[in-house]
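Reading the structure
For reference, the chains in residue letters:
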Amino acid sequence: ALTSFIGGFTSARLYRQFGGLAWVWNTVMTAIIFPGPLGCIFMWVNTVAWSRSSTAALPWHTVMIIASLYMLVSFPLTIIGAIAGRNLATDFDAPCRTKKVLRQVPTDIPWYRQPMAQMFMAGFLPFSAIYIELHYIFASVWGHKIYTLFGILFIAFIMLFIVTSFITVRRSR
């Protein structure tokens, strides 16, 4: 909730630097775009838990406390941050010189630089590395076993770090 100020400040500052005029709509969207769907999913899951008389369901007064924390702390902090960001924003200053001359975009690129291949390599490979390791970790936790493959977990972390950094460098060019 306390980082709402930073979110409102950053979004309003960037929105003003890029020439946006509907700053109130931007502020409201900043405050709602993440907590809105999250709250709806939470309420759905909690309602199903209530209907099944589950002990995992949060009581009504706890849900109201969470909602009031959002409405009385997070939402106002987002608005205050947005007002500060809008008032303190300067004009956009590009970090490098830009030219108005259009550059030609190459059309004949190899298969591995096509968007579908890039999405596959950027998404599926790191996800599968993480998923396999998390599968073994959760299987050992839920199966009441001791996870002894910390070396392999570290190697998987290094592989994930390398793949993610390579993809980040590749996509930024």
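All figures in this text were calculated on a predicted structure; none of them were measured in a lab.

Note that arginine 86 resides in helix 4 (residues 60–88). Since its relative accessible area comes to 27%, arginine 86 is described here as partly exposed. Sequence separation between arginine 86 and phenylalanine 9 is 77 residues; the distance between their C-alpha atoms is 7.3 Å. Those residues in contact with arginine 86 that lie beyond four places of it in its chain are Ala12, Arg16 and Trp23.

Looking at the largest pocket, its volume works out to about 610 Å³. As for the largest pocket, its lining consists of 24 residues, of which Pro35, Gly36, Leu38, Gly39 and Tyr70 are closest to the centre. When contributions to the lining of the largest pocket are tallied by element, the ones reaching two or more residues are helix 1 (4–17), helix 2 (23–32), helix 3 (35–51) and helix 4. Broken down by element, the residue count for the lining of the largest pocket peaks at nine residues, all from helix 4. The class makeup of the residues in the lining of the largest pocket is 15 nonpolar, nine polar and no charged.

A separate point is helix 5 (residues 115–142). Under the 1.5 Å per step criterion, the end-to-end length of helix 5 is 39 Å for 28 residues, consistent within 8% with the ideal 40 Å. Buried residues of helix 5: Ala117, Gln118, Pro126, Ser128, Glu133 and Ser140, and no others. Directly beyond the C-terminal end of helix 5, a positive phi value near 55° is found at histidine 144.

For the pair helix 1 and helix 4, interaxial distance at closest approach is 6 Å and the crossing angle is 35°. Regarding helix 1 and helix 4, the two cross each other, and that crossing is right-handed. Taking contact as the criterion, the partners of Ser4, Phe5, Gly8, Phe9, Ala12, Arg13 and Arg16 in helix 1 are, on helix 4, Ser74, Leu77, Thr78, Ile80, Gly81, Ala82, Ala84, Gly85, Arg86 and Leu88. Residues that form the contact of helix 1 with helix 4 fall into these classes: eight nonpolar, six polar and three charged.

Now for the side chain of serine 4. For serine 4, the position within the fold is in helix 1. For serine 4, a relative accessible area of 12% translates into the label buried. Sequence-distant contacts of serine 4, that is, excluding residues within four places in its chain, are made with Ser74, Leu77 and Thr78.

Take the packing of aromatic side chains next. Here the structure, examined in full by the defined rule, presents eight aromatic pairs. Consider the rings of phenylalanine 18 and phenylalanine 92, whose centres lie 5.1 Å apart with planes at 50°: the pair is tilted. Separated by 74 residues along the polypeptide, phenylalanine 18 in the loop between helix 1 and helix 2 and phenylalanine 92 in the loop between helix 4 and helix 5 bring together distant segments of the chain. Residue classification places phenylalanine 92 among the partly exposed positions, given a relative accessible area of 46%. Look at tryptophan 111 and tyrosine 112: their rings are 5.8 Å apart centre to centre, the planes differ by 90°, and that puts the pair in the edge-to-face class. With a relative accessible area of 42%, tyrosine 112 lands in the partly exposed category. A cation over a ring is seen here: arginine 86 above tryptophan 23, with NZ or CZ 3.9 Å from the ring centre.

Rules of the game
- Residues numbered from 1 in each chain as written.
- Predicted model: local features only at pLDDT ≥ 70, side-chain atom pairs only at ≥ 80, totals over all residues.
- Heavy atoms only, no water.
- Helix = DSSP H or I, 4+ residues; strand = E, 2+ residues; numbered from the N terminus.
- Buried < 20%, exposed > 50% of the residue type's maximum accessible area, 1.4 Å probe, protein only.
- Contact = heavy atoms within 4.5 Å.
- 1 Å grid on protein atoms, 1.4 Å probe; cavity = no way out; pocket = protein on both sides within 12 Å on 5 of 7 lines; lining within 4 Å.
- Points joined across faces, edges and corners; volume = space filled by probe spheres on them.
- Nonpolar A, V, L, I, M, F, W, Y, C, P; charged D, E, K, R; others polar.
- Expected span 1.5 Å × (residues − 1).
- Axes fitted to C-alpha atoms, helices over the stretch in contact; angles between N-to-C directions.
- Left-handed = near helix turned anticlockwise from the far one by under 90°.
- Phe/Tyr/Trp six-rings, centres within 6.5 Å; stacked < 30°, edge-to-face > 60°.
- Lys NZ or Arg CZ within 6 Å of the ring centre and 35° of its normal.

Without other data, these values stay purely geometric and don't point to any function.
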